[in-house]
Amino acid sequence: MSRLALAAGLAALVACSRPRPSPEYEEARQRWAAIAREQGDAAAEDPRADAVLALLARVPAESLDAPGAAELRARIEGERKARAEERERRARLVAAAGAPPAMPSTGGAPGGAGASAGAPAAAAAAAPPALAPGTPLDAFRAATGACFERRGPIQIGAPDGGAPAPGEAWALRADAACQERWAAASGKLVLFTKGALAALAPASAARTVETRERVKLGTLPDGGVGILTDAGVVAPPPGAQIVPDAPGAPDGGRR
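Residues numbered from 1 in each chain as written. Predicted model: local features only at pLDDT ≥ 70, side-chain atom pairs only at ≥ 80, totals over all residues. Heavy atoms only, no water.

Visitor: When you look at the sheet that holds strand E10 (residues 225–229) in this model, what are you seeing that I'm missing?
Guide: Strands pair in a sheet through their backbones, by hydrogen bonds, and they do so in one of two ways: parallel or antiparallel. Taken together, the 3 strands give an open sheet; going across it, the order is E9-E10-E11, and neighbouring strands pair in antiparallel fashion. The sheet is open, and its two borders are formed by strand E9 (217–219) and strand E11 (232–234), each paired with just one other strand. The mean inter-strand angle of the sheet, taken between neighbouring strand axes irrespective of direction, is 55°. Of the strand pairs in this sheet, E10 and E11 are connected by 3 bridges, and their pairing is antiparallel. (Pairing = 2+ DSSP bridges. Helix = DSSP H or I, 4+ residues; strand = E, 2+ residues; numbered from the N terminus. Axes fitted to C-alpha atoms, helices over the stretch in contact; angles between N-to-C directions.)

Visitor: Is there a simple way to explain the packing of aromatic side chains in this structure?
Guide: In this description, a pair of aromatic rings is defined by centroid distance and the angle of the planes. One pass over the full model with this rule turns up 4 aromatic pairs. Between Phe 140 and Trp 170 the ring centres are 6.2 Å apart and the planes differ by 75°, which places this aromatic pair in the edge-to-face class. With a gap of 30 residues between them, Phe 140 in helix H6 (residues 137–144) and Trp 170 in strand E4 (residues 165–172) connect regions that are remote in the sequence. Here Phe 140 matches Trp 170 in class, with each residue buried. Seen from their ring centres, Phe 148 and Trp 182 are 6.3 Å apart, and the 65° between their planes marks the pair as edge-to-face. (Phe/Tyr/Trp six-rings, centres within 6.5 Å; stacked < 30°, edge-to-face > 60°. Buried < 20%, exposed > 50% of the residue type's maximum accessible area, 1.4 Å probe, protein only.)

Visitor: Before we go on, may I ask you to explain helix H2 (residues 23–39) in this structure?
Guide: Between its terminal C-alpha atoms H2 stretches 24 Å, which fits the 24 Å expected from 17 residues at 1.5 Å a residue. Burial in H2 covers these residues: Glu 24, Tyr 25, Ala 28, Trp 32 and Ile 35. Looking straight down H2, one finds its buried side chains confined to an arc of 95°; they lie on one side. Exposed residues on H2 whose side chains face more than 90 degrees from its buried face are Pro 23, Arg 37 and Glu 38. Following H2 by one or two positions, Gly 40 has its phi on the positive side, about 65°. (Expected span 1.5 Å × (residues − 1). Arc of directions from axis to C-beta.)

Rendered as structure tokens:
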């Protein structure tokens, strides 16, 4: 009889010592999922993420959910650090007034003909939130509506003289209401790289840069002239001009 009682006592002790789920982790996980759905890539910088980190810090080390809590905490903190470093990088781009970005001009091919302009930090500092460096392109478009139009791909020079960063440029439309509301961008180009606003550059400082590329020509399904590629005949890039070679030259052209 005493042996049975002792065995039952040991079984109860073992059962009580098993790792248990953590309610703090479950609540943190649910809160984080809601923030991530709402904020996307910016979730880690949402003020509500602080409460998630506080809950994760309270998960007992012996809990069944301790590994998951540590992984989620490291992910949130890592995303915060990465976004902070990216903001610093963009701030250096904006501060480099002498580093000219390049933008294609009308009639040039993307990556070929272009224009460049400086990006003074003072102009960016005076801009409203939607025009502040680091603003995601989607947020910029949502805030400005139809007041801005895309001008084409660009290349933004690095402050340290390194390889230019690819991006795109937007400009304010000639609409009275838009010009009044977004006066900070009047006469300027809004430059984006990696999906976020990098700088506002004076449009008047643009300079045309043209390059030429030899291509083979083909016929598009609609009968127009296209560019022959490994994937077939494709339409020329927007704004590109095709200049046929002189008579007697191999079938091709320059764009």
